[in-house]
Amino acid sequence: MLMCSICATAADSISVVDTLNSKYEQRMLRKQKAWASLVPTHFVIQNAGNMGVVSMGLGWSYGKRHQWETDLLFGYIPKHQSTRGKLTSTLKGNYIPWHLNINSKADLNKTCKWSFEPLTVSLYINTVYGHEFWKSQPGRYPDKYYEFMSTKFRLNLALGQRITFDIPKRKRLMHNRITLFYEVGTCDLYVRSMFQSSIPLKDVLGLSIGLKFYNL
């Protein structure tokens, strides 16, 4: 009976240790996943889009189908008629509802695969760095002339499409696929001007193109 009692006690101790180890391992796995989620999944380069002549940055894709993306970009505006060039920064959210493979059945076994995303929806906010741009309306303007707006921050909306090329495994160096995209968008200030001054729609919308290089 004493031997059975000792065995039972030992078994209970092992069970408790296993439970503690299991909780510890689960906690460590959660922390590892949290840190892994901070690693950027792609690199972005974009022309126009109210961000500057060129913008570059990093992004993160997530969701069960990677249908959501968040991009952080920094751009450059040449001086043109001003005294100096200016830098911009943009925080951009993308939603991609559909992903279509465009390879024919005969091509499905090939290592080179193409896919098409017929619709992307982007909402983003950007800012231009410089003393010429303000957060609240200066006193030189009539009261409420720029109510709820500033020249410091712009809210943008864009719709677009993408085509993606999966790089064959034997040819991959830093990225596993490349995406070419275009977007047609506008910002809050342009929309406001259209309603106030009857500006044509074509002058309110702008075209931008870009590339995304995915590593995850």
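For the structure, see preceding data.
Residues numbered from 1 in each chain as written. Predicted model: local features only at pLDDT ≥ 70, side-chain atom pairs only at ≥ 80, totals over all residues. Heavy atoms only, no water.

**Q** Before we go on, may I ask you to explain the overall build of the protein chain in this structure?
**A** Check the secondary structure of the protein chain and you find three helices and nine strands. Reading the secondary structure of the protein chain in the N-to-C direction produces α-β-β-β-β-β-β-β-β-α-α-β. Classification of the 216 residues of the protein chain by burial places 28% in the buried group. Relative to all contacts within the protein chain whose residues are 6 or more apart in sequence, the contacts with residues 24 or more apart total 58%. Within the structure as shown, the protein chain displays about 14800 Å² of accessible surface, and the carbon and sulfur contribution to it stands at 65%. (Helix = DSSP H or I, 4+ residues; strand = E, 2+ residues; numbered from the N terminus. Buried < 20%, exposed > 50% of the residue type's maximum accessible area, 1.4 Å probe, protein only. Contact = heavy atoms within 4.5 Å. Areas by Shrake-Rupley, 256 points an atom, 1.4 Å probe, with all protein chains shown as cover.)

**Q** I tried to follow unusual backbone geometry on my own but got confused; where do I start?
**A** The bulk of non-glycine residues show a negative phi, and the bulk of peptide bonds are trans. We note that Asn-50 has phi near 65°; this positive angle belongs to a residue other than glycine. Examined against the element boundaries, Asn-50 turns out to sit in the loop between strand E1 (42-47) and strand E2 (54-62). Overall, Asn-50 belongs to the partly exposed group, its relative accessible area being 30%. Phi at His-66 takes a positive value of approximately 55°, unusual for a residue other than glycine. Within the fold, His-66 resides in the loop between E2 and strand E3 (68-77). Residue His-66 is classed as partly exposed on the basis of its relative accessible area of 47%.

**Q** I'm lost on the pairing of E2 in this one. Help?
**A** The side chains of a regular strand alternate, first on one face of the sheet and then on the other. Of the two faces of E2, only the one carrying Ser-55, Gly-57, Gly-59 and Ser-61 is buried; Val-54, Met-56, Leu-58, Trp-60 and Tyr-62 on the other face are not. Sheet topology note: the E1/E2 ladder contains five bridges and is antiparallel. If you follow Ile-45 over to E2, its bridge partner there is Met-56. What sits between the antiparallel neighbours E1 and E2 is a turn of six residues, in which Ala-48 has the positive phi angle 65°. Relative to E3, E2 runs antiparallel, the two sharing nine bridges. Residue pairing in the sheet places Tyr-62 in a bridge with Trp-68 of E3. Following E2, the chain reverses through five residues before pairing antiparallel with E3; Gly-63 in that reversal takes a positive phi of roughly 100°. (Pairing = 2+ DSSP bridges.)

**Q** Which parts of the structure should I look at to understand the nonpolar core?
**A** Core analysis: the largest hydrophobic core is formed by six residues, namely Val-44, Met-51, Leu-73, Tyr-124, Ala-158 and Phe-181. Leaving out residues up to four positions away in the same chain, Ala-158 has contacts with Thr-120, Val-121, Ser-122, Tyr-124, Glu-183, Val-184 and Gly-185. (Core = buried A, V, L, I, M, F, W, Y, C linked by side-chain atoms within 4.5 Å.)

**Q** Any chance you could explain the pairing of strand E4 (residues 86-95) here in plain terms?
**A** Here E3 runs beside E4; their pairing, made up of 10 bridges, is antiparallel. Paired with Trp-68 across the bridge in E4 is Tyr-95. The pairing of E4 with strand E6 (residues 113-128) spans eight bridges and is classified as antiparallel. Across the sheet, the residue bridging to Lys-92 is Tyr-124, located in E6.

**Q** Would you take a moment to explain the environment of Met-174 for this structure?
**A** Locating Met-174 in the fold gives a position in the loop between strand E7 (153-166) and strand E8 (177-187). In this structure the C-alpha to C-alpha distance between Met-174 and Asn-215, which are 41 residues apart in sequence, comes to 6.3 Å.

**Q** I'm lost on the side chain of Thr-179 in this one. Help?
**A** Its location among the elements puts Thr-179 in strand E8. Judged by relative accessible area, which is 2%, Thr-179 ranks as buried. Side-chain polar atoms of Thr-179 contact the side chain of Thr-164, separated by 2.7 Å. If near-sequence neighbours (up to four positions away) are discounted, Thr-179 is found in contact with Arg-162, Ile-163, Thr-164, Gly-210, Leu-211, Lys-212 and Tyr-214. (Polar contact = N/O pair within 3.5 Å; in protein donor to acceptor, adjacent residues only side chain to side chain.)

**Q** Explanation requested: the pattern of salt bridges in the structure shown.
**A** Where side chains of opposite charge bring their charged atoms close, a pairing between them can arise. Applying the stated rule across the entire model yields seven salt bridges. With a closest N to O distance of 3.0 Å, Arg-162 and Glu-69 form a salt bridge. Taken together, the positions of Arg-162 in strand E7 and Glu-69 in strand E3 put the pair 93 residues apart, joining distant regions of the chain. The same class applies to Arg-162 as to Glu-69, namely buried. (Salt bridge = Lys/Arg side-chain N within 4 Å of Asp/Glu carboxyl O.)

**Q** When you look at the packing of aromatic side chains in this model, what are you seeing that I'm missing?
**A** The description of an aromatic ring pair rests on the distance of the ring centres and on the angle between the ring planes. Using the criterion set out here, one finds three aromatic pairs in the structure. With centroids separated by 6.2 Å and ring planes inclined at 35°, the aromatic side chains of Phe-43 and Phe-213 adopt a geometry described as tilted. Here Phe-43, found in strand E1, pairs with Phe-213, found in strand E9 (residues 206-214); they are 170 residues apart in sequence, far enough to count as distant. The cationic tip of Lys-92 hangs over the ring face of Tyr-124; the distance from NZ or CZ to the ring centre is 5.3 Å. Directly above the aromatic system of Phe-181 lies the positively charged group of Arg-162, at a separation of 6.0 Å from the ring centroid. (Phe/Tyr/Trp six-rings, centres within 6.5 Å; stacked < 30°, edge-to-face > 60°. Lys NZ or Arg CZ within 6 Å of the ring centre and 35° of its normal.)

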